[in-house]
Amino acid sequence: MASKASTQFEAAGGAAAFGKSDLVIVANRLPVKRVERDGESAWETSPGGLVAALMPILQRRTEQGGAGGWVGWTGIPDSDAEPFLHDGIHQTPVPITEAELEAYYEGLSNRTLWPLYHDVIRPPIYRRSWYQTYERVNQRFAEIAASEAAKNAVVWVQDYHLQLVPKMLRDLRPDLKIGFFLHIPFPSRGLFSQLPWRREMLLGLLGADVVGFQATANADNFADLATWFAGAEKTDTGVKLDGREIVIDAFPISIDSKKIDELARKPEQRELAARFKRNVGGRKIILGVDRMDYTKGIDLRLLAFRELLDTGVIRPDEVVFIQSAVPTRDTVDEYAGLRSKIEELVGQINGDFGDVGQVAVQYLRQSLPLDKLVALYAAADIMLVTPLRDGMNLVAKEYVASRFNNDGVLVLSEFTGAAKQMTAALIVNPHDRDGVVGAVTRAIQMGAEEAGKRMRILRTGVFENDVYHWAESFLSRLTA
Ligand code: GDG
C-alpha cells in the first residue's frame, strides 16, 4: 500500500509536479460517505460541524479561482476509490487496509493516544507494531497530500490520527504552508512522557507552521514538551526549531450556531419538542448527549442522578433523565465494557425508581437525526455535560444555541475545553458527587431570572464565536 502511494506520487513527478488544490484539508476521514440511493451507490456529504465549517471555505476558494481539496480515508477498508469531485471540492481518497486500520486507527490512535491524551482515564496500550503502522499510514497521507497540493498551497492537517504528517509533508514539500489542529486535549509532561515515541510525535507536529489546540493549557503543555524533548526554543508566539518559527496557540472550536438556532425555532421542531415533553408526562427533563465514550463520564452522571432520587431531592414522577449515547468504536475492547456498565446502571435505577409506563432514566443507544437531537435540546430543562476530560465539547454549545427563549440550565464539567469559555454555566467537578448533586439541585430550583441571565451570556459567546470564526481565525494566522 505504502509503495502504491509512493509510486503514484513519483509517477506524478514527485514534489516537482504540483497538484491542483491551493487549500487542502487532510483528515482521517473524507467529508463524504458512500450511501445507497435508489439502488445505486453515491457519495453524500457527512454531517458534522467540522465538515460544515470547512466545506464553505474550500468552496469559496474554488469560486475565487483557486481550488479546494480534501485528503482522507473513505471509511471503507481496502477500497481503491479514485480521486473525484464532490460539491466542487477535490476528494482524494487514502487507501487503508483492514489490518492497517486495526493498528493505526483502533490501536495507536484509539487505544494509545486517545486514553493517554485524556488523562489516562483508561491505561494506554503501547505496542510498537501499532506505532510502525501509524507511521506508515501517516507517510501515505503525507505523500498523497503532497501530490494534491499546488505550489505554495496551504495544507491544514486535522487531529491525533495524523500527528506525524506535518513533518513528513514538509520534508516532501518545503514550499507549503502547513497547519495542524488537535481536537482533543494535549497532556502535561508528566503524562505525555509515557509515550515511547514522544520525540517522534513532537517532531512530527513541529513540522507545521501553526500548531493549534482547543485551550491555552494544551498549547502551553505542547510548548513545554517541545523545548524539553525536541530541543526547541521558546519564543513569544510559540517555539523556534532549526531556525524556523512555529506558532503555538489556542483556537477553541465551535458549532454552526446560527444553523442550530434556526432549526430550533422552526414550528415543526417546536411541535416535536412539545411532543417529547408530553411523552414524558410533562415531567422536567434532564438531558445527557454523548458518544458512548469512557471520557464522557456517563456512569458518574447516572450515579449522581441515582443519589438525587435516593435522597428524595428528585421525584421520579416529576423529573426524567434522558441519556442519549450514540454507539462509537464498538470494535475497541475498552468500549464494550463501558456499555454493559452503563446499561446495568440504567437497569438498576429503573428497577428501583420506575413505574408502569414511567421510567426514571430514558436511555437511547442510537444515532439520532439532527432535528430530533435539536428538539431534545429544546425540550430539556437541564443539560448535564460532565466529561472527565474533553478537548472542547460541542454538545454544550449546541444546547445553548437551541435555547432561543433564553431558558434552560447548563451544568458543565470543568474538565472540558468549553468550560474555559462558558463560565456562565454551573461548572462542576464530575468526580465530586456532592458537587454534581448540588449543581443539579440548584439547576432545578433556579428561578427564571437567573437562568435567563446566564443563558443570555452563554448565547452571546456561542454566537460570537462560531465554527466559521474558528476556521477563519486559524487560517488567517497560518497565512499571515
Ligand atoms: C471531538 C473531541 C471536540 C452526538 N450524538 C448524536 C450526535 N452527536 C453529535 C453532537 C456533537 C458531536 O456528536 C459530539 O461532539 P463533542 O464535541 O461533544 O465530542 P467528540 O465526538 O468526542 O468530539 C471534542 C470535538 O472533537 C470537536 O473538535 O469538541 O472535545 O473529543 O456535534 O451533536 N449527532 C447526531 N445524532 C446523535 O445521536 N446527529
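Now for a description of the structure that goes with this document. All values reported here derive from a predicted model rather than from experimental measurement.

**Points about the sheet that holds strand 14 (residues 319-326)**
By way of backbone hydrogen bonds, the strands of a sheet pair with one another, either parallel or antiparallel. Here we have six strands laid out as an open sheet, ordered 15-14-13-16-17-18, and parallel in their pairing. In the strand order of this sheet, the two ends are held by strand 15 (361-364) and strand 18 (426-428), each with one partner. Strand-to-strand twist in this sheet, taken as the mean axis angle between neighbours without regard to direction, amounts to 20°. In the sheet, strand 13 (residues 284-291) pairs with strand 14 via eight bridges, with the strands oriented parallel. Among the inter-strand pairings, lysine 284 is bridged to a residue of strand 14, identified as valine 319. Against the sheet, helix 11 (residues 298-310) makes contact with strand 13, strand 14, strand 15 and strand 16 (382-385), and its axis sits at roughly 170° relative to strand 14, the strand it touches most.

**Some details on the pattern of salt bridges**
Overall, the coordinates contain 34 salt bridges when judged by the stated rule. For arginine 37, the salt bridge goes to glutamate 44, with nearest N and O atoms at 3.4 Å. Arginine 306 is paired through a salt bridge with aspartate 310; the nearest N and O atoms lie 3.5 Å apart. Taken together, the residues span about one helical turn, with arginine 306 and aspartate 310 both in helix 11 at a distance of four residues.

**Some words on the pairing of strand 7 (residues 149-158)**
In terms of burial, strand 7 is a largely internal element, eight of the ten residues being buried. Here five bridges tie strand 1 (residues 21-29) to strand 7, and the two strands are oriented parallel to one another. Bridge pairing in strand 7 places valine 24 opposite valine 155. Two elements, strand 7 and strand 8 (residues 177-181), share five bridges in a ladder whose sense is parallel.

**So, the packing of helix 4 (residues 128-148) against helix 5 (residues 165-172)**
One can describe the packing of helix 4 onto helix 5 by two numbers: an axis separation of 9 Å at closest approach and a directional angle of 45°. Classed by the angle they form, the pair helix 4 and helix 5 counts as oblique. For the pair helix 4 and helix 5, the sense of crossing is right-handed. Facing helix 4, whose interface residues are Glu135, Asn138, Gln139, Phe141, Ala142, Glu143, Ala145 and Ala146, helix 5 presents Val165, Met168, Leu169 and Leu172. Here the residues of the contact of helix 4 with helix 5 sort into eight nonpolar, two polar and two charged.

**So, the packing of aromatic side chains**
Per the stated rule, a full pass over the model turns up 20 aromatic pairs. Taking 4.6 Å as the distance between ring centres and 10° as the angle between the ring planes, the aromatic pair formed by tryptophan 43 and phenylalanine 84 counts as stacked. Here tryptophan 43 is found in strand 3 (residues 40-45), whereas its partner phenylalanine 84 is found in strand 5 (residues 84-86), with 41 residues between them in sequence. On the basis of relative accessibility, which here comes to 18%, the residue tryptophan 43 falls in the buried class. Owing to a relative accessible area of 16%, phenylalanine 84 belongs among the buried residues under this scheme. Aromatic side chains tyrosine 131 and tryptophan 197 sit 4.8 Å apart centroid to centroid with 0° between the ring planes, which places their arrangement in the stacked category. With a gap of 66 residues between them, tyrosine 131 in helix 4 and tryptophan 197 in the loop between helix 6 (189-192) and helix 7 (198-205) connect regions that are remote in the sequence.

**Quick look at helix 14 (residues 394-402)**
Within helix 14, eight of the nine residues are buried, leaving the element largely enclosed by the surrounding structure. The set of residues buried in helix 14 consists of Val395, Ala396, Lys397, Glu398, Tyr399, Val400, Ala401 and Ser402. In this structure asparagine 393 caps helix 14, since a side-chain oxygen of it lies 3.1 Å from the backbone nitrogen of valine 395.

**Re helix 17 (residues 448-464)**
Taking 1.5 Å per residue as the helical rise, helix 17 with its 17 residues ought to reach 24 Å, and the 24 Å between its terminal C-alpha atoms agrees with that figure. When we look at burial in helix 17, the residues that qualify are Ala451, Gly452, Met455, Leu458, Arg459 and Val462. For helix 17, the angular spread of the buried residues around the axis is 135°, confining them to a single face. Exposed residues pointing more than 90 degrees away from the buried face of helix 17 are listed as Glu449, Lys453, Ile457 and Glu464.

**Points about the site of the ligand**
In the region of the ligand, 20 residues are neighbours, and His183, Arg291, Leu368, Asp390 and Glu398 sit closest. Between arginine 291 and the ligand, the recorded distance is 2.8 Å, taken from a side-chain N or O atom to an oxygen atom. Note that a nitrogen atom of the ligand is positioned 2.6 Å from one of the backbone N or O atoms of leucine 368. Surface burial for the ligand is 82%, taken as the share of its 730 Å² of free accessible area covered by protein chains. Elements represented by at least two residues in the shell around the ligand include exactly strand 13, helix 13 (370-379) and helix 14. The biggest single contributor to the shell around the ligand is helix 14, with three residues.

**Considering the sheet that holds strand 11 (residues 238-241)**
Taken in spatial order, the ten strands of this open sheet run 5-6-4-1-7-8-9-12-11-10, and their pairing is mixed. Each edge of the open sheet is held by one strand with a lone partner, namely strand 5 and strand 10 (233-234). Two elements, strand 1 and strand 4 (residues 68-73), share five bridges in a ladder whose sense is parallel. The residue bridging valine 26 from the neighbouring strand is valine 71, located in strand 4. Where helix 4 meets the sheet, its contacts fall on strand 1, strand 4, strand 6 (89-93) and strand 7, and the angle it forms with strand 4 comes to roughly 160°.

Each value, and the rule that gives it
Throughout this document, residue positions are counted from 1 along each chain, in the order its sequence is written. Local features are withheld for residues below a pLDDT of 70 in this predicted model, meaning they are given only at 70 or higher, and side-chain atom pairs are given and counted only at 80 or more; totals for whole chains, interfaces and linings count all residues. Heavy atoms throughout the structure, all of them, feed into the side-chain values; hydrogens and water do not. Two strands form a pair only when DSSP identifies at least two bridges running between them. Secondary structure elements follow DSSP: runs of H or I no shorter than four residues count as helices, runs of E no shorter than two count as strands, and numbering proceeds from the N terminus. For helices, the axis comes from a line fit to the C-alpha atoms of the stretch in contact; other axes are also lines fit to C-alpha atoms, and the angle between any two N-to-C directions lies between 0 and 180 degrees. Throughout, a residue-residue contact means that at least one pair of heavy atoms, one from each residue, lies within 4.5 Å. Between Lys or Arg on one side and Asp or Glu on the other, a salt bridge is scored when a side-chain nitrogen of the former is within 4 Å of a carboxyl oxygen of the latter. Burial classification: accessible surface area is computed with a 1.4 Å probe over protein chains only, and a residue below 20% of its type maximum counts as buried, one above 50% as exposed, and the rest as partly exposed. Small angles under 35 degrees read as roughly parallel and large ones over 145 as roughly antiparallel, with 65 to 115 read as roughly perpendicular and the rest as oblique. Handedness of a helix crossing follows the sense of rotation of the near helix relative to the far helix, less than a right angle counterclockwise being left-handed and clockwise being right-handed. Residue classes follow a fixed rule: Ala, Val, Leu, Ile, Met, Phe, Trp, Tyr, Cys and Pro count as nonpolar, while Asp, Glu, Lys and Arg count as charged, and any other residue, Gly among them, counts as polar. By convention, a stacked pair of Phe, Tyr or Trp rings (six-membered ring in the case of Trp) has centres within 6.5 Å and planes under 30 degrees apart, an edge-to-face pair has planes over 60 apart, and any other such pair is tilted. Contacts described as polar in this section are N or O atom pairs within 3.5 Å, which, within protein, must combine one atom able to donate a hydrogen with one able to accept it, while residues neighboring in sequence count only if both atoms come from side chains. Expected span of a helix: the number of residues minus one, times 1.5 Å. Think of it as the arc spanned by the lines of direction from the helix axis to the C-beta atoms. In these notes, residues near a molecule or strand are those with any non-hydrogen atom within 4 Å of it. Areas reported as accessible are Shrake-Rupley estimates using a 1.4 Å probe. Residue values count occlusion only from the protein chains shown.

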